[in-house]
Amino acid sequence: MTPIIIHQKILPHYRIAIFDALIGRLKNTTIVYGQQQKNESLKSTLVDKENYLLTKNYYFFKDKIFYTGASLFIIRKKPKVIISQFNVGNLNLYLLFLLRPILGYKIILWNFGYDPENGFAPNTIFKDKIRLYFYQKTDAALFYWQKGKEVVEEFSKRTDHYFVAPNTLDTTTLVKYRNEFETTGKGMIKASLGIAEKFHFVYVGRLLLDKQIDLLLKAFSDFRNDPEVRLTIIGNGPELINLRKIAEELSLKNCFFSGEILDQYEVGKWIFISEAFIMPGRLGNSVVHSFCFGVPIISQRKDYFYHGEGIGYVKDTQNAFLAEDNNSESISNKMRLLIEDQEIALNMRESAIKTVENECSLEKMMEGFENAIKFVNKRKNESSAGS
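This is a predicted model, so every value here is computed, not measured.

A separate point is the nonpolar core. With 65 residues, the main nonpolar core has Leu-217, Ile-233 and Phe-293 as its most contacted residues. By residue number, the principal contributor to this core is helix H8 (residues 213–220), which donates six residues. The contact partners of Leu-217, leaving out residues within four places of it in the chain, are Leu-231, Ile-233, Leu-243, Ile-246, Ala-247, Leu-250, Leu-252 and Cys-255. Judged by nonpolar contacts, the second largest core, of 57 residues, contains Val-81, Phe-97, Phe-120 and Tyr-135.

Listed below in structure tokens is the structure:
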């Protein structure tokens, strides 16, 4: 099998199952990763397995630039393909491109496609000019979603080496959990979690400013006098103290902060028994997480370059509700609709499940990786035959 190295700045817990699946298919694959920066809320997970290599990250310029000390390993391993997390501040990339003609490997860049906060403007933004240069010079590029690919294509002369690996989670395992929960029953699971309220809403993720959880708390304040409605916020992060203060000021008696839960089976129970997963701010893989348990998303309608790749799976009024931007009342109205209209709630659950099956399954992501690898290997073979 072709020796492959996948380079990641850090290894978040939700990526491990993805990489395990890739290793199972591609066999001779090594995941190289480092530790997170000091104040980073997303942590790197230590994996004690043969195909994982933890190395040291060196951070510079307020942690915006980093270098992973894996050069000697790459030289010894002699990979044929290197799949690298694409970040302009990733110094490894510059070295990889310099060594490529000497060591003869192919490079596949893997990322979102553009900066969700600022879009993609290589004609005016220097960082995007560098991005576009690498996109054109790499052997292949893998994008988290179709729109990320389309945005970059608008500025690209060459596009045949662009592929999409729909960013997702271990949907196979999560759907297995959902099937088990359906057999157990929603009532039994709620009882085991100590939830007496009839209606339950949930937020799961890091407690960050750009998730706009404060807006969720304001929306939930419309239910502060309703003993049958509960909100559970699962996660940790820099906004925890501020959010607790807001909840206290709004007298949200049925709002509970449970802390971080990393066990996917346990956190899956909280999602499964919910009317909706509410994330007003930037959407990423939380959409997949929710849909795997047949639970619709409530978020906000934002400008084109705001949301993460999760918005690509959202179909407003079918598997999700997109409320008016910065309008807490609009969010609470969507919550009330799911409480009061069980037919709508059931239809949205069914649509969420179909979305996982058809658009964001683990299998779809694996296909994206395999297509990019086949492409660069074919190019390599053609070059060898022509020389």
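This part takes up the pairing of strand S11 (residues 229–234). With six of six residues buried, S11 is to be regarded as a mostly interior element. By the alternation rule, side chains of S11 split into Val-229, Leu-231 and Ile-233 and Arg-230, Thr-232 and Ile-234, which are all buried. Here strand S10 (residues 199–204) runs beside S11; their pairing, made up of six bridges, is parallel. Residue pairing for S11: Val-204 is matched across the bridge by Ile-234. What joins S10 to S11 is H8, and the crossover it makes is right-handed. Note that S11 and strand S12 (residues 255–259) share four bridges and pair parallel. Pairing of Thr-232 across the sheet is with Phe-256, part of S12. Read from S11 through helix H9 (residues 240–249) to S12, the crossover connection turns out right-handed.

Cut-off values and rules
Residues numbered from 1 in each chain as written. Predicted model: local features only at pLDDT ≥ 70, side-chain atom pairs only at ≥ 80, totals over all residues. Heavy atoms only, no water. Core = buried A, V, L, I, M, F, W, Y, C linked by side-chain atoms within 4.5 Å. Buried < 20%, exposed > 50% of the residue type's maximum accessible area, 1.4 Å probe, protein only. Helix = DSSP H or I, 4+ residues; strand = E, 2+ residues; numbered from the N terminus. Contact = heavy atoms within 4.5 Å. Pairing = 2+ DSSP bridges. Right-handed = clockwise from strand over helix to strand, strands pointing away.

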